[in-house]
Amino acid sequence: MGKMAAAVGSVATLAAEPGEDAFRKLFRFYRQSRPGTADLGGVIDFSVSHAARGTGPGAPKVVKSQLNLSSVSDHDALRAGLQPVSKWQAYGLQGYPGFIFISNPFLPGYQWHWVKQCLKLYSRKPNVCNLDKHMTKEETQDLWEQSKEFLRCKEVNKRRPRSLLEKLRWVTLGYHYNWDSKRYSADHYTPFPSDLAFLSEQVAAACGFQGFRAEAGILNYYRLDSTLGIHVDRSELDHSRPLLSFSFGQSAIFLLGGLKRDEAPTPMFMHSGDIMVMSGFSRLLNHAVPRVLPSAEGDSLPGCLGAPLPADLPRDSVVEPCSLEDWQVCASYLKTARVNMTVRQVLAVGQDFPLEPTEENKRDITAEGSCHLDDDNSQVKRARLSPDY
């Protein structure tokens, strides 16, 4: 309890900057936090026993979430690389209805597939990425092939130039998000990956959302110096459907706030394999990622990524084999990085995109905060980085 009290005290004594709200203050605290110290004592860790989760005075109570066990067969879970739903460890937080945290439900080795897809397949054209603004389509056609030898043989050296994969910050899938207008449109669409759609459908169904359609995805590629600004995901036209978030690689601190930024957020760890579901009341809450945490052992992978993907996969599995050669590239990348997949349903059943945004939507677009991925080592530090999510 002493470590917890020290952590809470450290936040309380942090002087607020002029005009700084409660969310921004805590964001700044965790951005500057020191791993291995009392700074992280107040962060909820869903992967450990309830007694050690780190919920301090005033923190929301961790509760077990009830899943729909009959909605996903054990075989369909296996097809996506997931344990049977009956074995998932799912939690919620009092005061955050609709928020579900699932602590790594993936079977040993199966995260390999999803990491490889994010780095090798989903980054390919015709999908859209942050590099498109600065390079030709031919130059960004296959980032994996251009980077794999460099990553496989690389030595950790902060002075060396980064490969194209290491410069990747975001990729959009399905309905491609427009970072300037903060809108989706019918004429900016490419087929959504069928394997990721199947995975998302199973997770959504287990959480009580049968019929979920994966229509848009935003993949974030974090370096150890990356942050995700405070924002609300309100651009989808149907807010009754959940937002799904999948995390792989190094751990991060996630802040879940309220409807307004003057409400202090709740910090929690996101470890490799963890899944978050934001629905209902929690669907439109402010949230952010102030910190990606380096491994305590230096440049190493989380233990859950140590087991290889089984060679004998189910015949109808959506998961594909991952060669050791490919995994060497992925592992080299993930030693100092984190990948996050967020999947959304944009439209309600039978709904179409409006021809013109309504006045209310225009106000929402103007009011919506920055949700860009930022790096501390950019040439100029910017709170709003044009589209580098």
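Bear in mind the structure is a predicted one, so any value in this text is a computation, not a measurement.

What's the story with the sheet that holds strand 13 (residues 337-344) in this structure? I'm lost.
Adjacent strands of a sheet form backbone hydrogen bonds with each other and so pair up, either parallel or antiparallel. Pairing in this open sheet of 9 strands is antiparallel, and the strands run 1-2-3-11-8-13-6-5-4 from one edge to the other. Edge positions in the open sheet fall to strand 1 (62-64) and strand 4 (128-129), since each of these has one partner strand only.

So what exactly am I meant to see when it comes to the pairing of strand 12 (residues 287-292) here?
Looking down a regular strand, the side chains alternate between one sheet face and the other. Burial runs high along strand 12: 6 of the 6 residues are buried. Looking at chain direction, strand 7 (residues 226-231) and strand 12 are connected through 2 bridges and run antiparallel. Counted as the bridge partner of His231 is His287 from strand 12. Here strand 9 (residues 252-256) runs beside strand 12; their pairing, made up of 4 bridges, is antiparallel. Paired with Ala252 across the two strands is Val292, which belongs to strand 12.

Just to check I follow, could you spell out the side chain of Thr190 for this structure?
Relative to the elements of secondary structure, Thr190 occurs in the loop between strand 5 (170-174) and helix 7 (194-206). A relative accessible area of 11% places Thr190 in the buried class. At 3.4 Å, the side chain of Thr190 forms a polar contact with the side chain of Asn127. Ignoring any residue separated from it by four or fewer positions in sequence, one finds Thr190 in contact with Pro126, Asn127, Gly174 and His176.

Would you mind going over helix 7 with me for this structure?
Every α-helical turn comprises 3.6 residues, leaving residues that sit three or four positions apart pointing alike. Counted at 1.5 Å a residue, the expected span for helix 7 with its 13 residues is 18 Å, and the 19 Å between its end C-alpha atoms agrees. Within helix 7, 11 of the 13 residues are buried, leaving the element largely enclosed by the surrounding structure. What helix 7 keeps buried is the set Asp195, Leu196, Ala197, Phe198, Leu199, Ser200, Gln202, Val203, Ala204, Ala205 and Ala206. Remark: Gly208 follows helix 7 within two positions and exhibits a positive phi of approximately 95°.

Rules of the game
Residues numbered from 1 in each chain as written. Predicted model: local features only at pLDDT ≥ 70, side-chain atom pairs only at ≥ 80, totals over all residues. Heavy atoms only, no water. Pairing = 2+ DSSP bridges. Helix = DSSP H or I, 4+ residues; strand = E, 2+ residues; numbered from the N terminus. Buried < 20%, exposed > 50% of the residue type's maximum accessible area, 1.4 Å probe, protein only. Polar contact = N/O pair within 3.5 Å; in protein donor to acceptor, adjacent residues only side chain to side chain. Contact = heavy atoms within 4.5 Å. Expected span 1.5 Å × (residues − 1).

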